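Breakdown of the fold
Here is how the chains run, residue by residue.
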Amino acid sequence: MKKLTLIRHASAVDYSNDGDFGRVLKKKGIRQAEKLALYFSENNICCDLFVSSNAARARETAEIVYNSIAPGCGLQTLLLSEELYLPSAGQLFDFFNELDGNPDSIFLCSHNNGISDFAQITCSKGGIMMPTGSAVIIECDIENWQELEPGKGRLLEFLS
């Protein structure tokens, strides 16, 4: 069994001189990310790997959560990936199928619609539409991440 925590970036400003990629969190978004971070740290929810889109709003969300949980989880680094910027559900499956190593638990911070679609398909459960600053925790009935495919997950928690 593997555990996957999907985080949709928190609320961002509507406009940036750097375009969509450079949109940063607004105050509401910072509060949303801090709320998730507090929940994870208070409930000792850890991961072996933390990866995020490198877009500003996702990176900032991930950094807030990472900085809260890293000491208790023994994490050494937050990995940033261009592949996680506005991915489709299919691209997220590809990401996991190509993942190096075999961590037991992963936190992944990315964007909609891909992240919500991916959660729904992984769990074979409709209605998982993740608003900004939300997370889902999914238990996956797999031995390694290359086995991740539709229907292999079970939704454990929806945090919003």
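Right, let's walk through the structure included here. In this text the structure is predicted, and so the values were computed from the model without any measurement. (Residues numbered from 1 in each chain as written. Predicted model: local features only at pLDDT ≥ 70, side-chain atom pairs only at ≥ 80, totals over all residues. Heavy atoms only, no water.)

1. Considering the overall build of the chain
When you go through the chain residue by residue, the secondary structure sums to four helices and six strands. Shown N-terminal to C-terminal, the secondary structure of the chain runs as helices and strands in the order β-α-β-α-β-α-β-α-β-β. The C-alpha radius of gyration of the chain comes to 14 Å, within 12% of the 15 Å expected for a compact globule of 160 residues. Projecting the C-alpha coordinates of the chain onto the three principal axes gives extents of approximately 40 × 30 × 30 Å. Summarising the internal contacts of the chain: among those between residues at least 6 apart in sequence, 73% fall at separations of at least 24. (Helix = DSSP H or I, 4+ residues; strand = E, 2+ residues; numbered from the N terminus. Rg over C-alpha atoms; globule rule 2.2 N^0.38 Å. Contact = heavy atoms within 4.5 Å.)

2. Brief notes about the packing of aromatic side chains
Inspection of the entire model under this criterion finds nine aromatic pairs. For the pair Tyr-39 and Phe-40, a centre-to-centre distance of 6.2 Å together with 70° between the ring planes defines the contact as edge-to-face. Under the relative-accessibility criterion, Tyr-39 is labelled partly exposed at 27%. The rings of Tyr-39, Phe-40, Phe-50, Tyr-66 and Phe-107 are connected pair by pair, giving a single aromatic cluster. (Phe/Tyr/Trp six-rings, centres within 6.5 Å; stacked < 30°, edge-to-face > 60°. Buried < 20%, exposed > 50% of the residue type's maximum accessible area, 1.4 Å probe, protein only.)

3. So, the sheet that holds strand S6 (residues 153-159)
The strands that make up a sheet are held in pairs by hydrogen bonds between backbone atoms, and each pair lies either parallel or antiparallel. Read across the open sheet, the six strands follow the order S3-S2-S4-S1-S5-S6; overall the sheet is mixed. Among the strands making up the open sheet, the edge pair consists of strand S3 (79-81) and S6. Adjacent strand axes in the sheet meet at a mean angle of 20° when their direction is disregarded. In terms of strand pairing, strand S2 (residues 49-53) meets S3 through three bridges, oriented parallel. Residue pairing in the sheet places Val-51 in a bridge with Leu-79 of S3. Across the sheet, helix H3 (residues 89-97) touches strand S1 (2-8), S2, S3 and strand S4 (105-110), and the angle it forms with S4 is around 145°. Lying on the sheet, helix H4 (residues 114-123) is in contact with S1, S4, strand S5 (135-140) and S6; it crosses S1 at an angle near 150°. (Pairing = 2+ DSSP bridges. Axes fitted to C-alpha atoms, helices over the stretch in contact; angles between N-to-C directions.)

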